[in-house]
Amino acid sequence: MPPRDHSSIPVDKLTEEQAKAELDRLAKELAAHDRRYYQEDAPIISDADYDALRRRNNAIEARFPELIRSDSPSRKVGAAPTGRFGKIRHAVPMLSLDNAFSEEDVTEFVARVRRFLKIPEDETVAFTAEPKIDGLSLSLRYEGGKLAYGATRGDGETGEDVTANVRTLDDIPERLKGRKLPEVCEIRGEVYMLHSDFLALNKRQAEAGEPVYANPRNSAAGSLRQKDAAVTASRRLKFFAYGWGEISDVPETTQSGMIEWIGEIGFRTNPLLRLCRSIEQMLAVYRDIEGKRAKLGYDIDGVVYKLDRLDWQQRLGFVSRSPRWAIAHKFAAEKATTIVNDIDIQVGRTGALTPVAKLEPVTVGGVVVQNATLHNEDYIKGIGNDGNPIRNGVDIRIGDTVIVQRAGDVIPQVLDVVLDKRPKSAKPYRFPTVCPVCGSHAVREEGEAVRRCTGGLICPAQQVERLRHFVSRDAFDIEGFGEKQVQAFFADGLVMEPADIFTLEKRDRRATKKLADREGYGEVSVRNLFAAIEARRKIPLNRLIYALGIRHVGETNAKLIARHYGTIEALRDGLTAAGKGPESEAYQELISIGGIGEVVADAVVEFFKEKRNREALDRLLDEIEVEPMEQARSDSPVAGKTVVFTGSLEKMTRDEAKAMAERLGARVAGSVSKKTDLVVAGPGAGSKLKDAQKHGVKVLSEDEWFALVK
Ligand code: IVH
C-alpha cells in the first residue's frame, strides 16, 4: 500500500506516525526533484514549491528531531554527479545557503549572528549584499596561478570535472594576474547565461529540431556539461566570482576585501555588491536590486548577505549544509504550481474568443493570481503559433495541475502541465463554437488561431467597438459623435446598436432626462449633434457596407461589393443566399467579383448568416436611405483587372480616372506588382513605369486607355 499522504496537515497538528510518513514522502519527493534539477536539467516544479517542500521537511524535523532520517534532504546538497564526466572531490565542500523569505527572517538572521558572537548592541556588524545569480556554481582551482581544473558542485562533496569546457569561457582566466598570488587558490562563483543568449540558443535549437531549454539556468547547466567543449564555447556562458574554496594564503581580512581582490586577479565580480552597516541598509539594497531585476539581462532569484569580517565567519562556521554567516534573501517566486478549476471564454472588442484559466488562487511573484491567459484554442491543445507542438504536445484540461508564470506586468500565463497529477476524470477541453456572450456562432478562419464571434452588430462584447467604427470618418462620419459619445451613450443604454443613433432625437423628445441636461452638453451642442446625425440619414451603399465592420471588409472591398450588387436590397438578398454554402450560385457570384477572394467572401457570408445581424441591419434600414451605387459592368474589357494610373493625366483627373475604371469593374491599385494587369501612364511617369517594365505589365497611354474602354 502506498504511504498515506498527510501533506495537507499543518506541521503542528501531525502525530508522530504521520510526521514519520511525511518525512519519508518528502525525502523521496525532494530526491526525485533534485535528480530532475541537477542531473537532468529539467525540473518539473517551481523553485517556490521546491522551497516549500524543503521548509516543511525542516519544520517537521525541528518538531520531531528523533525522526530525522540519516539520508534527510536537510543534510544533502544537490544530487550526486551523473557519471558522464570525471569526478573531482572538492578540497573544501561546496555548500549551500539557508534561505530568508521575509524581512523578519533577515532580522532574525542578523540577531542570530550577533547572539552567537556575543556582539554588544552598540557595535556595528557589517554584511555584504549582492545578487544571488540563478545559474550553477562552479569551483576553479588555480595552482601556481594557472588554471588546474574546474568542477561543478555535484553533491557538494564531489563534483564533475568540466575543465575542458570552462577553459572556453571568456570570463574565466587561464592565468591569474597580480603579484604575491597564493600557491593554491580556488575561486568559486556562478555560471549563467544572458537572456539574449538563451533566447537565441532556443531559437537555434528549435530551428534545428533540437529540444529547447526551459530557462536560462537549465540552459547554462546543459551548456556547461557538454561532451564537446566546442559546443560549450558556442553557448557564450558567463561567470561571476563570489567566493573561494581552498586558498593557501588568504590575502584580505574581510569578504568585501576578498571580492575586490578576486576582481584584481582577473575575474568579473557583481557590480551591485554593497557593504551594509545595518539591517535597514541590507533591506534597502535588497529592494534596489529587486527593482533592477527585470533590466539586468540575466536571472537572479534573491540577494545574498554575507558577514563581512572573515574571522567572525570562521567562528560562526557551518551548520548542516550551509554557513551560519550567510543567508539568501529570496525574491517572491514568479512561478508557482496550482490547479485549473475552470476555463472561461472572454470575448474581446473585435470578437476574438480568448480562453482564460480560472485558477486555484496562488501567490506568484508576491501577487495572488487567479486567472491566467491560455491565448487561444491551439494553445490549450498544445499547438504553438507556428503549428508545432508546445509543452511536448500536452493539452491543458480542467482539473490539471499547472505551472503558472507572472513576469513583470505581463498577464499571468499557464506555462506547463504536471501530467503526473492529471486526474483520471479530466477530459480534453472542448472549445465553444458559439459566442458565450451573445450566442452567435463563432468561427475560425483558415490559418488563424483565433476563433471569433460573428455577431458583430449585436454582441455586447463588441458593440462599443462596432459603434465607434460605425460613426468613424470613412463610415458614417457623424460629426460630434466620437469615441467619447459612443462610450457614454452606450453606458447609459441610449445607443446600443447603429439604428439607435437615428432614433436618438425622437426618443429624446419624449424623455424626461434630456440630452441637453447632461453634463458637458447644452441646447446648442445637442442641436448640432442631431443635425449631424440627420445629415447622414442618406448614405452611399459602399459606406454603409464599410460601416458594418465586417472582418476583412475595408473601404476597397466595400466598394467592390457595392458596385457589384448596386442596391442594398440586392446585396442583402444575395449575401444571405450565399450562406447556403460554397456550391450555391449566390456564393459563386460573390467570389466571382474581381478582387474578392474566399477569405473576404467567407467573412461577409458569416456576417449575413447570423440572423441577429440581419435583424439589426433591417432596423437600421428602417431609419436610413441607402443610395444605390452604379453597378460595375462585368462585360467591359477591364472588368476584374487591376489597373494603376501614373504620371500626369491630361484628359481626366486622377479621381475621375479611378471612378471610371471602378465603374467598369476594374480595381485601382496604388503601386505596380506582378498582380497588376494594366498601367496607364501619362507624361512624367517614373518608377511605376519602370516597375511595369520589370514585371512585364502592359502599359497604355491615356488615349490607348480611352480607345480600350471606348
Ligand atoms: S555564496 C557557502 N553567493 O546559490 C555558500 N552563492 O543556495 C556559498 N549563488 O550554491 C554560496 N549567487 O550556486 C553565493 N552571490 C552568491 C550567489 C550564490 C548564486 C548560488 C550558489 C550556491 C547557491 C546556494
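Everything numeric in this text was worked out from a predicted model, so none of it was measured. (Residues numbered from 1 in each chain as written. Predicted model: local features only at pLDDT ≥ 70, side-chain atom pairs only at ≥ 80, totals over all residues. Heavy atoms only, no water.)

Caption draft 1: Looking closely at the side chain of Glu623. With respect to the helices and strands, Glu623 occurs in the loop between α21 (611–621) and β22 (625–627). What makes Glu623 buried here is its relative accessible area of 18%. With sequence-adjacent residues up to four places away left out, Glu623 is seen in contact with Ala499, Phe502, Thr503, Lys506 and Arg537. (Helix = DSSP H or I, 4+ residues; strand = E, 2+ residues; numbered from the N terminus. Buried < 20%, exposed > 50% of the residue type's maximum accessible area, 1.4 Å probe, protein only. Contact = heavy atoms within 4.5 Å.)

Caption draft 2: Looking closely at the sheet that holds strand β9 (residues 274–276). A sheet is described by the order of its strands in space; here 5 strands give the open sequence β2-β13-β10-β3-β9, paired in mixed fashion. This sheet does not close on itself; its edge strands, each paired only once, are β2 (99–100) and β9. Strand direction decides the pairing type here: β2 and strand β13 (residues 326–330), joined by 2 bridges, are parallel. Its bridge partner lying in β13, Asn99 is registered against Ala328. (Pairing = 2+ DSSP bridges.)

Caption draft 3: Examining the site of the ligand more closely. Around the ligand there are 14 residues in total, and Glu130, Ile133, Arg153, Glu190 and Lys306 lie nearest to it. The contact in question runs from an oxygen atom of the ligand to an N or O atom on the backbone of Leu97, over 3.4 Å. Measuring from a nitrogen atom of the ligand, one finds a backbone N or O atom of Ile133 at 2.9 Å. Coverage of the ligand by the protein amounts to 88% of the 530 Å² it exposes when considered alone. Its residues assigned to classes, the shell around the ligand comprises 7 nonpolar, 2 polar and 5 charged. (Near = heavy atom within 4 Å. Polar contact = N/O pair within 3.5 Å; in protein donor to acceptor, adjacent residues only side chain to side chain. Areas by Shrake-Rupley, 256 points an atom, 1.4 Å probe, with all protein chains shown as cover. Nonpolar A, V, L, I, M, F, W, Y, C, P; charged D, E, K, R; others polar.)

Caption draft 4: Representation of helix α3 (residues 103–117) in the model. For α3, with 15 residues, the first-to-last C-alpha span of 21 Å sits near the 21 Å given by 1.5 Å per residue. On its buried face, α3 is in contact with β2, β3 (127–133), α9 (279–292), β10 (300–307), α10 (310–316) and β13. (Expected span 1.5 Å × (residues − 1).)

Caption draft 5: Geometry of the pattern of salt bridges. Evaluation of the coordinates by the stated rule reveals 42 salt bridges. Glu186 serves as the salt-bridge partner of Arg141, at 2.7 Å between the closest nitrogen and oxygen. Here Glu186 lies in strand β7 (residues 184–192) and Arg141 lies in strand β4 (residues 136–143), a separation of 45 residues in the sequence. A single burial state applies to Arg141 and to Glu186, both of which are buried. Between Asp311 and Arg309 there is a salt bridge; the shortest N-O distance is 2.8 Å. Owing to a relative accessible area of 35%, Arg309 belongs among the partly exposed residues under this scheme. (Salt bridge = Lys/Arg side-chain N within 4 Å of Asp/Glu carboxyl O.)

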